[in-house]
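Residue strings, one per chain:
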Amino acid sequence: MSLERRINFDKVYEYGEKGIIGKEVFTSFFERIPLLEKALRETEEASGLQYPPVFFEPALTIIRYPSSTFSGAVIYAACKLMEYMGELMPCVVFSVPFVILSREDVLRACAAHEFLHYIYITKALSKGNYMDLAGERLDSVEVHQAYDDTHTVPPDEWIRNSELVGLVKRVFSPNINDPELEAAIREKWIDKGLPVKYTTAEEAKLRIPLAEIQRVRLDTKVLQRLSP
């Protein structure tokens with residue numbers, strides 16, 4: 001299956017048609033898609049595996065933590081179980097403002113980083129380790145960062161591209177620390193009144209519908225690589 005057919009733009013089209021995001025944002029987003037496709041293919045070539053299906057969240061999603069009313073974190077991308085071609089699959093969801101405003105090197109690092117989360121999630125689901133994915137309550141930025149840092153696989157074991165591995169390690173420590181990107185998100189998205197939604201870390205975690213777990217489809221090639 002070609003990469004293009006595994007990228008779902010439905011929610012972006014919906015926001016555009018409803019006027020929730022304007023023509024300028026809509027156009028800027030699609031002008032950046034070739035860079036994202038390039039980053040996805042780079043990860044595929046470096047891993048020898050197919051990138052999972054890709055979706056987009058048009059609204060800027062900000063996590064609020066109960067331990068502090070003043071702390072928050074923007075979700076740039078996440079690995080989630082999504083409905084894809086009639087099945088539940090681990091998929092990567094990128095934030096539209098992140099795609100528009102991030103530098104290319106950060107976009108490349110993020111694509112690879114989320115792929116590593118995808119491998120970890122595939123491994124956990126294949127072994128039935130659902131409680132491991134659920135984890136403890138994420139009541140603070142620090143706990144959430146620790147959760148994110150441990151729910152991944154070593155890049156050196158899955159990415160055969162030393163430059164890309166170095167980029168991932170440099171950009172994520174353990175999360176993206178990019179003041180330039182943060183400033184752009186505030187000035188060019190939040191301050192302009194573009195869509196923002198707030199959530200909690202618990203709501204943002206991977207949802208595992210146990211009643212539908214039999215519907216989850218995992219990549220057989222990833223499973224083969226995971227086998228001892």
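Everything discussed here concerns the structure shown above.
The structure reproduced in this document is the subject of the present report.

Thresholds applied
- Residues numbered from 1 in each chain as written.
- Predicted model: local features only at pLDDT ≥ 70, side-chain atom pairs only at ≥ 80, totals over all residues.
- Heavy atoms only, no water.
- Axes fitted to C-alpha atoms, helices over the stretch in contact; angles between N-to-C directions.
- Helix = DSSP H or I, 4+ residues; strand = E, 2+ residues; numbered from the N terminus.
- Parallel < 35°, antiparallel > 145°, perpendicular 65-115°, else oblique.
- Left-handed = near helix turned anticlockwise from the far one by under 90°.
- Contact = heavy atoms within 4.5 Å.
- Core = buried A, V, L, I, M, F, W, Y, C linked by side-chain atoms within 4.5 Å.
- Buried < 20%, exposed > 50% of the residue type's maximum accessible area, 1.4 Å probe, protein only.
- Phe/Tyr/Trp six-rings, centres within 6.5 Å; stacked < 30°, edge-to-face > 60°.
- Lys NZ or Arg CZ within 6 Å of the ring centre and 35° of its normal.
- Salt bridge = Lys/Arg side-chain N within 4 Å of Asp/Glu carboxyl O.

A separate point is the packing of helix H1 (residues 10-17) against helix H2 (residues 23-47). Running from N to C, H1 and H2 point in directions that differ by 155°, and their axes come no closer than 10 Å. Between H1 and H2, the interaxial angle falls into the category roughly antiparallel. Considering only the axes of H1 and H2, their crossing is left-handed. Along the contact surface, H1 presents Val12, Tyr13 and Gly16, while H2 presents Phe26, Phe29 and Phe30.

Time to look at the nonpolar core. One finds Phe29, Phe56, Phe94 and Phe98 to be the most contacted residues of the largest nonpolar core, which totals 65 residues. The biggest single contributor to this core is helix H4 (residues 104-126), with 14 residues. Look past the residues within four positions of phenylalanine 29 in its chain and what remains in contact with it is Phe9, Val12, Phe56, Val96, Val99 and Ile100. The next biggest cluster of nonpolar side chains, apart from the first, holds 6 residues, and it includes Ile63, Ile75, Ala78 and Ala204.

Our focus in this paragraph is the packing of aromatic side chains. Going through the model one piece at a time under the given rule, you end up with 13 aromatic pairs. Where phenylalanine 55 meets tyrosine 84, the ring centres are 6.4 Å apart and the plane angle is 80°; that geometry is what we call edge-to-face. Placement of the pair is phenylalanine 55 in strand S1 (residues 54-57) and tyrosine 84 in strand S4 (residues 77-84), with a sequence separation of 29 residues. For the pair phenylalanine 55 and tyrosine 84, one class covers both residues: buried. The structure contains a cluster of three or more aromatic residues connected by ring pairs, namely Phe9, Tyr13, Phe26, Phe29, Phe30 and Phe56. For arginine 64, the ring lying beneath its charged end belongs to tyrosine 198, and the centroid distance is 3.8 Å.

Within the structure shown, the criterion is met by 12 salt bridges. One salt bridge in this structure joins arginine 103 and aspartate 105, with 3.1 Å as the shortest N-O distance. According to the relative accessible area criterion, arginine 103 is partly exposed, its value standing at 34%. Given a relative accessible area of 26%, aspartate 105 falls into the partly exposed group. Overlapping salt bridges bring together Lys11, Glu57 and Lys197 as one network.

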